[in-house]
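Observations on the model geometry
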Amino acid sequence: MTQPTLFVCALCKFPTAETSDTTGGQHLIDQLMPQFEDGTVNLQPVRCMAACDRACNAALSAPGKLTFIFNDLSPHQAAPDLAEFCRQYAAASMGKVPYGLRSPAIKQAIAYVLPPLAVEEVEAAIAR
Ligand code: FES
């Protein structure tokens, strides 16, 4: 099984003004880290995904699988559902998690789904 990567914007703000010494995105990342200690998913913080007004933002991808783009993830509540979806994605052929198995929060947060790159394109990119 190929390890998927979950990209999470570390710079996304909390959706409401909060007194905090961290960002909403970093808070979400901190909540996700313990969920992936088993190595099933590579959690990769990124700096801005160009959808700042739809914070928090994340993307899930793996070679040969669909790519899911998420918007409006709650920094306080999204981690358990997002982690579960990542595990479902890791186990699913081409990342096609059946719609009925997705949590309501994940159904709402999925903004885009992109098709997988052709295997040859992935292999060429890795070889570079
Ligand atoms: S700060 Fe997160 S998408 Fe721009």
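The structure contained in this document is the topic of the report that follows. It should be emphasised that the depicted structure is a prediction, and the values quoted were computed from it without experimental measurement. (Residues numbered from 1 in each chain as written. Predicted model: local features only at pLDDT ≥ 70, side-chain atom pairs only at ≥ 80, totals over all residues.)

1. Considerations on the environment of F85
Note that F85 resides in helix α2 (residues 79-91). Judged by the 24 C-beta atoms lying within 10 Å of it, F85 is buried. For the pair formed by F85 and V8, sequence separation is 77 residues and the distance between their alpha carbons is 14 Å. In contact with F85, not counting residues within four places along its chain, are V97, R102 and I106. (Helix = DSSP H or I, 4+ residues; strand = E, 2+ residues; numbered from the N terminus. Buried ≥ 20, exposed ≤ 12 C-beta atoms within 10 Å, placed from the backbone. Contact = placed C-beta atoms within 7 Å.)

2. Quick notes on helix α1 (residues 24-32)
Every buried residue belonging to α1 is among G24, G25, H27, L28, I29 and L32, and all of these are buried. Those residues of α1 that are buried lie in contact with β1 (5-9), β2 (42-46) and α2.

3. Thoughts on the pairing of strand β3 (residues 58-61)
It is a general feature of regular strands that their side chains alternate between the two faces of the sheet. Of the pairings in the sheet, the one linking β1 to β3 comprises four bridges and is antiparallel in character. Along β3, the bridge assignment pairs L6 with L60. Judged from the three bridges that link them, β3 and strand β4 (residues 67-70) form a sheet pairing that is antiparallel. Bridge pairing in β4 links A58 to F70. Adjacent in sequence and paired antiparallel, β3 and β4 are bridged by five residues, among which G64 carries a positive phi angle near 80 degrees. (Pairing = 2+ DSSP bridges.)

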